[in-house]
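Analysis of the macromolecular model
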Amino acid sequence: MHLDWTALGEVAAVSTGVTVAVVVVFALGVLGLARVEAAREGDTGTGSPGAGALGITQAGLCFLACAAVVAYGIYLIVPQFH
């Protein structure tokens, strides 16, 4: 039995990188929701009156990106989709 260690290392590196990227994007989405809550409470630390709209846009785009990555992963795993 022969293992291609280079290919295994590439797969491990890419999967680790994509996992970290998805976690960071999801955390940015949660940050956007926190901005929306801060704007609703009237917190002056947000810096601008449109922080609520910016926060909901940020959260929506980030969560949409996470959902797209998950959907692509499911597409790659399920052979009936090919």
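Look up a bit, the structure's there.
Our subject in this report is the structure included herewith. In this text the structure is predicted, and so the values were computed from the model without any measurement. (Residues numbered from 1 in each chain as written. Predicted model: local features only at pLDDT ≥ 70, side-chain atom pairs only at ≥ 80, totals over all residues. Heavy atoms only, no water.)

Brief notes about helix α1 (residues 5-41)
Selection rule: Per the convention used, a helix needs a DSSP run of H or I reaching at least four residues, while a strand needs a run of E reaching at least two, with both numbered from the N terminus. Here the expected length of a helix is defined as 1.5 Å per residue gap, with one fewer gap than residues. The cut-offs for exposure are 20% and 50% of the maximum accessible area for each residue type, with area from a 1.4 Å probe on protein chains only; residues under the lower value are buried, those over the upper are exposed, and the others partly exposed. We call two residues in contact when some of their heavy atoms are within 4.5 Å.
The end-to-end C-alpha distance of α1, which contains 37 residues, comes to 54 Å, matching closely the 54 Å that a straight helix rising 1.5 Å per residue would cover. Every buried residue of α1 is listed here: Gly29, Gly32, Val36 and Ala38. Each element contacted by the buried residues of α1 is listed here: α2 (51-77).

Things to note about the pattern of salt bridges
Where charged atoms from two side chains of opposite charge approach closely, those side chains can pair. Put simply, the rule reads: One side-chain nitrogen of Lys or Arg within 4 Å of one carboxyl oxygen of Asp or Glu is enough to make a salt bridge.
Inspection of every chain in the model, using the stated rule, returns one salt bridge. Two residues, glutamate 37 and arginine 40, come together in a salt bridge whose shortest N-O distance is 3.1 Å. One end of the pair, glutamate 37, and the other, arginine 40, are both in helix α1, three residues apart, so they sit about a helical turn from each other. Among the residues examined, glutamate 37 registers a relative accessible area of 37% and is labelled partly exposed.

From the geometry alone we can't say anything about function, so treat these as descriptive.
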